[in-house]
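# A closer look at the structure
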Amino acid sequence: MATIKFIKEDVEITATDGANLRQKAIDNRIDIYTLTGKMMNCGGYGQCALCVVEIAEGLGNLSPRTAVEEKRLKKRPHNCRLACQTLVNGPVSVVTKPKKNR
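An unreviewed UniProt entry lists the chain under the name (2Fe-2S)-binding protein, with Leptothoe spongobia TAU-MAC 1115 given as the organism. Listed under Cofactor (unreviewed entry) in UniProt, the entry text for the chain is "[2Fe-2S] cluster". Listed under Sequence similarities (unreviewed entry) in UniProt, the entry text for the chain is "Belongs to the adrenodoxin/putidaredoxin family."

### Remarks on the environment of S93
Here S93 lies in strand β7 (residues 92-96). Between the C-alpha atoms of S93 and I26, which are 67 residues apart in sequence, the distance is 16 Å. Not counting chain neighbours up to four residues away, the residues in contact with S93 comprise K5, I7, E54, I55, A56 and E57.

### Focus on the pairing of β7
Most of β7 is tucked away, with five of its five residues classed as buried. Residues V92, V94 and T96 of β7 are buried on one face, and the alternating residues S93 and V95, pointing to the opposite face, are buried as well. Direction of pairing for strand β1 (residues 2-6) relative to β7: parallel, over a ladder of three bridges. Bridge pairing links F6 to V94 in β7. In this sheet, β7 lies alongside strand β4 (residues 52-57) in antiparallel orientation, the contact comprising four bridges. Across the sheet, I55 pairs through a bridge with V94, a residue of β7.

### Section: a positive patch on the surface
On the surface, K71, R72, K74, K75 and K100 cluster together into a patch of positive charge. Tracing the backbone shows K100 in the segment after β7.

Cut-offs used in this document
Residues numbered from 1 in each chain as written. Predicted model: local features only at pLDDT ≥ 70, side-chain atom pairs only at ≥ 80, totals over all residues. Heavy atoms only, no water. UniProt positions renumbered as here; feature names shortened; annotations may be inferred. Helix = DSSP H or I, 4+ residues; strand = E, 2+ residues; numbered from the N terminus. Contact = heavy atoms within 4.5 Å. Buried < 20%, exposed > 50% of the residue type's maximum accessible area, 1.4 Å probe, protein only. Pairing = 2+ DSSP bridges. Patch = residues over 30% accessible without salt bridge, like charges linked within 9 Å, V, L, I, M, F, W, Y side chains within 5 Å. Areas by Shrake-Rupley, 256 points an atom, 1.4 Å probe, with all protein chains shown as cover. Salt bridge = Lys/Arg side-chain N within 4 Å of Asp/Glu carboxyl O. Lys, Arg positive; Asp, Glu negative; His and termini not counted. Charge placed at Lys NZ, Arg CZ, Asp CG, Glu CD.

Right, here's the structure in full:
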């Protein structure tokens, strides 16, 4: 079992190994989208890149970045992930709606 701590929300949930981060957030009513993302997200297919989260701890407990993530997140730090493309395999701490550095 994995634990996912959503830092801003001060919520910790458990998930089976291999659980999809976006789906676990949605199942537990954790809001990972900004206003634009709420209206225009792709439904978890990695095409819109609006479900970006920052991994504060436990980056090694996640699946590797996918090719879609490498393309969509090339200007973001390596600890940023698309929640829809991320599988959780151990304890992690997540920051939702991270600020984009310009």
